[in-house]
Amino acid sequence: MLNLGRVLKSMIFASRWLQAPLYFGLIVAQAVYVYLFMVELSHLIHKIGNLSETDIMLIVLGLIDVVMIANLLIMVIVGGYETFVSRLNLEDHPDQPEWLSHVNAGVLKVKLATALIGISAIHLLKTFINADQLTDRVVLWQVVIHMVFVVSALAMAYTDKLMTQTLLLNKQHH
């Protein structure tokens, strides 16, 4: 019976490798975003003489949006793999992201939430620029959705802070 328990524990621990193809899929998705960025940048360059300042601003905001989503993907790929699958052993690598040295599930969630707020803010800015072409209802809902992201991120950060403080207190009392 003891061997069966050990085998079951080993299988459960090894199951984390089932996530590796998911991270590979996100790498493929990031390649799609690189392609999208290049297509949009090409449109900007080729149409530069025929675009208004507002059109240029909207295209540039779209490029920023793509970059922010790519950054989000990197955080999920690198941070998620490091946290849930296997160590990347990048301690001595000169390009190791600063945040990776102290990443855990709570930190990763807060970083992702703040990245989503940034992406949402870019979309909201694009909405405000085009506000005269949108209904008040669309603008209102985008503001509400953005605020939900902000409140959710604050709640996650506060929860993570409470959990960290609780862990520190438990360590001090033991």
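Per chain, the residues get numbers from 1 upward, laid out in the order the sequence is written. Only residues with pLDDT of at least 70 get local features here, since the model is predicted, and only at 80 or more are side-chain atom pairs given and counted; chain-wide, interface and lining totals rely on the full set of residues. Hydrogen atoms and water are omitted, and side-chain values are computed over all heavy atoms in the structure.

## What about the overall build of the chain?
And step 1. From N to C terminus, the chain includes five helices and zero strands.
And step 2. Per the convention used, a helix needs a DSSP run of H or I reaching at least four residues, while a strand needs a run of E reaching at least two, with both numbered from the N terminus. Ordering the α and β elements of the chain from the N terminus gives α-α-α-α-α.
And step 3. In this treatment the radius of gyration is a C-alpha quantity, and the globule benchmark scales as 2.2 Å times the residue count to the 0.38 power. The C-alpha radius of gyration computed for the chain amounts to 21 Å, which surpasses the reference 16 Å derived for 174 residues by more than 25%, pointing to a less compact arrangement than a globule.
And step 4. For the exposure calls, accessible area comes from a 1.4 Å probe over protein chains only, and a residue counts as buried if that area is under 20% of its type's maximum, exposed if over 50%, partly exposed in between. Within the chain, buried positions represent 24% of all 174 residues.
And step 5. Taking the intrachain contacts of the chain between residues at least 6 apart in sequence as the baseline, contacts between residues at least 24 apart amount to 68%.
And step 6. Working convention for charge: Lys and Arg count positive, Asp and Glu count negative, and His plus the chain ends are omitted. We put the charge of a Lys on NZ, of an Arg on CZ, of an Asp on CG and of a Glu on CD. Of the charged side chains in the chain, 11 are positive and 12 negative; the average position of the first set lies 17 Å away from that of the second. Residue contacts are counted whenever heavy atoms from the two residues lie within 4.5 Å of one another.

## Remarks on the pattern of salt bridges
And step 1. One side-chain nitrogen of Lys or Arg within 4 Å of one carboxyl oxygen of Asp or Glu is enough to make a salt bridge. The full count for this structure, using the stated rule, is one salt bridge.
And step 2. One salt bridge connects R87 with E82, and the closest N-O pair in it is separated by 3.2 Å.
And step 3. On the accessibility criterion, R87 (54% relative accessible area) is exposed.

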